[in-house]
Amino acid sequence: MTDDATDPATGEVPDEIVRSIHIAATAETVFGIIQEPGWFINDGEYREHEITRDGPVTRVVDPVHGSFEIAVEVHEAPNRVAFRWLAGGIGEIADAPNNTVEFIIDPAGPTKADGVQLTVRERGFARLSLDAEVRRRNYEENSTGWEEELEVARALAEKER
């Protein structure tokens, strides 16, 4: 399925968003950024969050957007991390359908100097709401948002190198 706002075959919102960006930094540097639950909760500019952990679940409090519960699903340094979170909604993970956000770091070439390709894959839009317009709005907002967030990751990583 293509990553468009509507699947032409069904008229439905796709279940996943996939976006990638090249970053001129090492996998370890990029992983140091993306392994933080909720690093991507911002408005295009990284800001620190209040973070508390209870086992695999982390409560992230953003000073602008409020409180989110994020569960760490996969943590494979320095190449992959995945979180489960309430995309498009605020509250407890157990309270509502949720999305999975996976970040994958791949070499961009044969040497460390080539940098990395950071890919985000967010899945679960089909089950976020029974209302098709709510699903579409969540999908479209996140689709644009991931482009912004990947730029945040790039800026942070390239500043650190």
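Please read all numbers here as calculations on a predicted model, not as lab measurements.

Engineer: Could you give an account of the sheet that holds strand E1 (residues 16–23), naming the residues involved and the relevant values?
Structural biologist: Strand order in the open sheet formed by seven strands is E1-E7-E6-E5-E4-E3-E2, and the pairing between neighbours is antiparallel. The strands lining the two open edges of the sheet, one partner per strand, are E1 and strand E2 (50–54). In this sheet, adjacent strand axes meet at a mean angle of 25 degrees when their direction is disregarded. Two strands pair when backbone bridges link them, and strand E5 (residues 80–85) and strand E6 (residues 99–107) are joined in this way by six bridges, in the antiparallel orientation. Looking at E6, one finds that Trp 85 is bridged to Asn 99. Seen against the sheet, helix H1 (residues 27–34) touches E1, strand E4 (66–76), E5, E6 and strand E7 (116–123) and runs at an angle of roughly 165 degrees to E6. The strands touched by helix H2 (residues 132–160) are E1, E5, E6 and E7; relative to E1, the strand with the most contacts, the crossing angle is about 20 degrees.

Engineer: An account of the pattern of salt bridges is needed here, citing residue identities and associated values.
Structural biologist: On inspection of all chains with the given rule, the structure shows 13 salt bridges. The partner of Arg 80 in a salt bridge is Glu 102, and the shortest N-O contact between them spans 2.5 Å. Here Glu 102 lies in strand E6 and Arg 80 lies in strand E5, a separation of 22 residues in the sequence. According to the relative accessible area criterion, Arg 80 is partly exposed, its value standing at 26%. Its relative accessible area of 6% is what places Glu 102 among the buried residues. When salt bridges with common partners are traced through the structure, they connect Glu 16, Glu 76, Arg 80, Glu 102, Arg 121 and Arg 123 into a single cluster.

Engineer: Could you give me a rundown of the packing of H1 against H2, with the residues and numbers involved?
Structural biologist: Packed helix pairs are specified by the crossing angle of their axes together with the interaxial distance, meaning the distance between the axes. Where H1 contacts H2, the axes come no closer than 9 Å and their chain directions differ by 130 degrees. In terms of their interaxial angle, H1 and H2 are classed as oblique. Two packed elements cross with a definite hand, and for H1 against H2 that hand is right-handed. In this structure, H1 uses Thr 29, Val 30 and Ile 33 to contact H2, whose residues at the interface are Ala 153, Leu 156, Ala 157 and Glu 160. Here the residues of the contact of H1 with H2 sort into five nonpolar, one polar and one charged.

About the criteria used
- Residues numbered from 1 in each chain as written.
- Predicted model: local features only at pLDDT ≥ 70, side-chain atom pairs only at ≥ 80, totals over all residues.
- Heavy atoms only, no water.
- Pairing = 2+ DSSP bridges.
- Helix = DSSP H or I, 4+ residues; strand = E, 2+ residues; numbered from the N terminus.
- Axes fitted to C-alpha atoms, helices over the stretch in contact; angles between N-to-C directions.
- Contact = heavy atoms within 4.5 Å.
- Salt bridge = Lys/Arg side-chain N within 4 Å of Asp/Glu carboxyl O.
- Buried < 20%, exposed > 50% of the residue type's maximum accessible area, 1.4 Å probe, protein only.
- Parallel < 35°, antiparallel > 145°, perpendicular 65-115°, else oblique.
- Left-handed = near helix turned anticlockwise from the far one by under 90°.
- Nonpolar A, V, L, I, M, F, W, Y, C, P; charged D, E, K, R; others polar.

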